[in-house]
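# Chains, contacts and geometry: an overview
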Amino acid sequence: MSDAAFLDPPHLRSSDSLPVRTATPDLLDFDKVRAHITQAIERGRYRGTENVQDYLLEHRCLAAVGTDLYATLAGILCFGRQPQLLFPRAVVDIGHYRRTDATSYDVVHLEKDIGGTIFDQLQRVETYLWTNTHHGMSIGDSFQRVEVHEYPRVVIRELCVNMLAHRDYTNYQSAARVQLFRNRVEWSSPGGLPPGITIENILMEQASRNPYILLILHEAGYVEAFGQGLDTVVRVLDNEGLPPPRFHDTGNSFIVSVYGRQLDISSGEGIFANLSESQRKILSHLRVREEATPREIRELLADRAERSIQRDLKGLVDAGLIEAVGETRSLHYRLGELGT
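These notes cover the structure that comes with them. (Residues numbered from 1 in each chain as written. Predicted model: local features only at pLDDT ≥ 70, side-chain atom pairs only at ≥ 80, totals over all residues. Heavy atoms only, no water.)

Moving on to the overall build of the chain. A tally of helices and strands in the chain yields 10 helices and 13 strands. In the chain, once contacts between residues fewer than 6 apart in sequence are set aside, the share between residues at least 24 apart is 60%. When the accessible surface of the chain is totalled, it reaches about 18100 Å², and 49% of it is carbon and sulfur. (Helix = DSSP H or I, 4+ residues; strand = E, 2+ residues; numbered from the N terminus. Contact = heavy atoms within 4.5 Å. Areas by Shrake-Rupley, 256 points an atom, 1.4 Å probe, with all protein chains shown as cover.)

Put into structure tokens, the structure is as follows:
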């Protein structure tokens, strides 16, 4: 039997279930664990023990090494008091740009090193994307007001979860990254795709890099069904008549790009429903030319009185759709944050 091959269970364990050296159980917030267990039971997503330590052992958030207990990667990232003390790059960076490229002079907002637990990060990133994308109303066939969103909320949430649940946390150099552009959102997850998963088979094959983190997210209501996150994204985008997501694997990062609904200024859809025809012309002009002087806007609206044009511009500035830059002779207008 000396030449026989054996399976070695310790070597088959996922990285999120492995003990972290020096990470004693007191680094976990047991109150967070109790609250999670209670809520998971109420959701009908967990029926096991309510003892905190037994739960943590069962979910591989604690691991025994001899007679000692250590917190694992899953435990620290889901329930840790200060996860970034041990994993400083387990953070998210947000970049928000006015146009379609990540250039420094087009920055609307940069926010680096968003930390806390995975739950803290998910809440912050989802809230930012939902708050800073376009929303409005249109009139349906039955003359009822219908909500119109640039990006479906379920798509935003699923891709935020996908980015954090499947990233390679052993990559200590890279942060997860979300970039919001005028026409799309990109989610970048460090580590690339797991072995055996490619862009071509990603919707058919399943491989979870962090199965215990994913299990805890499922209990918390962030994951509906294992292996169905990207399928949900594809289905929802298709149902809403939006382009399919674009996947790109660099080897070091897995990037998902989603192109949003381009609200139609000329027809007054969504957030533009209350604009006058002349205001829509100004916005359309700025989307093509990027900026315009007062003289150019007067030429654009040659049949409109000067005082009326001033009211049009003031209304757009007050609404945050355009902004005035410079003074007197150097004055010009460009798209504001809400107009991009």
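Here the narrative resumes.
By secondary structure assignment, the location of methionine 204 is in the loop between strand E8 (184–190) and helix H6 (211–219). By relative accessible area, methionine 204 is classed as exposed at 64%. A C-alpha to C-alpha distance of 9.7 Å links methionine 204 and glutamine 228, two positions 24 residues apart in sequence. (Buried < 20%, exposed > 50% of the residue type's maximum accessible area, 1.4 Å probe, protein only.)

The next point concerns the pattern of salt bridges. A complete count under the given rule lists 14 salt bridges for this structure. Between glutamate 126 and arginine 153 there is a salt bridge whose closest N-O contact spans 3.0 Å. One end of the pair, glutamate 126, is in helix H4 (residues 118–131); the other, arginine 153, is in helix H5 (residues 153–165), with 27 residues separating them in the sequence. On the accessibility criterion, arginine 153 (36% relative accessible area) is partly exposed. On the accessibility criterion, glutamate 126 (6% relative accessible area) is buried. Where salt bridges share partners, they join Arg98, Glu323 and Arg334 into one cluster. (Salt bridge = Lys/Arg side-chain N within 4 Å of Asp/Glu carboxyl O.)

Attention now goes to the pairing of strand E13 (residues 332–335). Across two bridges, the pairing between strand E11 (residues 291–292) and E13 is antiparallel. Bridging across to E13, alanine 292 finds its partner in tyrosine 333. Summarising the sheet, strand E12 (residues 322–325) and E13 pair through four bridges and their orientation is antiparallel. Bridge pairing in E13 links valine 325 to histidine 332. (Pairing = 2+ DSSP bridges.)

Moving on, we come to the sheet that holds E12. Taken together, three strands build an open sheet; the order of strands is E11-E13-E12 and the sheet is antiparallel. Every interior strand has two partners, whereas the edge strands, E11 and E12, have only one. Running at roughly 105 degrees to E12, helix H10 (residues 306–318) makes contact with E12 and E13 of the sheet. (Axes fitted to C-alpha atoms, helices over the stretch in contact; angles between N-to-C directions.)

Within helix H7 (residues 229–239), the full set of buried residues consists of Leu230, Thr232, Val233, Val236 and Leu237. Buried residues of H7, viewed axially, fall in a sector of 155 degrees; they line one side. Along H7, the residues that are exposed and aim more than 90 degrees away from the buried face are Asp238 and Asn239. Along its buried surface, H7 packs onto H5, strand E9 (246–249) and strand E10 (253–259). After H7 finishes, the residue glycine 241 shows a positive phi value of roughly 70 degrees. (Arc of directions from axis to C-beta.)

It is worth spelling out the sheet that holds E9 at this point. With mixed pairing, six strands are arranged side by side in an open sheet as E4-E3-E7-E8-E10-E9. Edge strands, defined here as strands with exactly one partner in the open sheet, are strand E4 (107–114) and E9. Here the strands of the sheet are splayed against their neighbours by 10 degrees on average, with no regard to which way each runs. Pairing geometry for E9 and E10, over four bridges, is antiparallel. Within E10, the residue paired with phenylalanine 247 across the bridge is valine 256. Where H4 meets the sheet, its contacts fall on strand E3 (92–97), E4, strand E7 (176–180) and E8, and the angle it forms with E4 comes to roughly 175 degrees.

All right, on to the environment of phenylalanine 87 then. Positionally, phenylalanine 87 belongs in the loop between helix H3 (73–79) and E3. The class for phenylalanine 87 is buried, based on a relative accessible area of 18%. Residues phenylalanine 87 and tyrosine 172, 85 residues apart in the sequence, show an inter-C-alpha distance of 7.3 Å.

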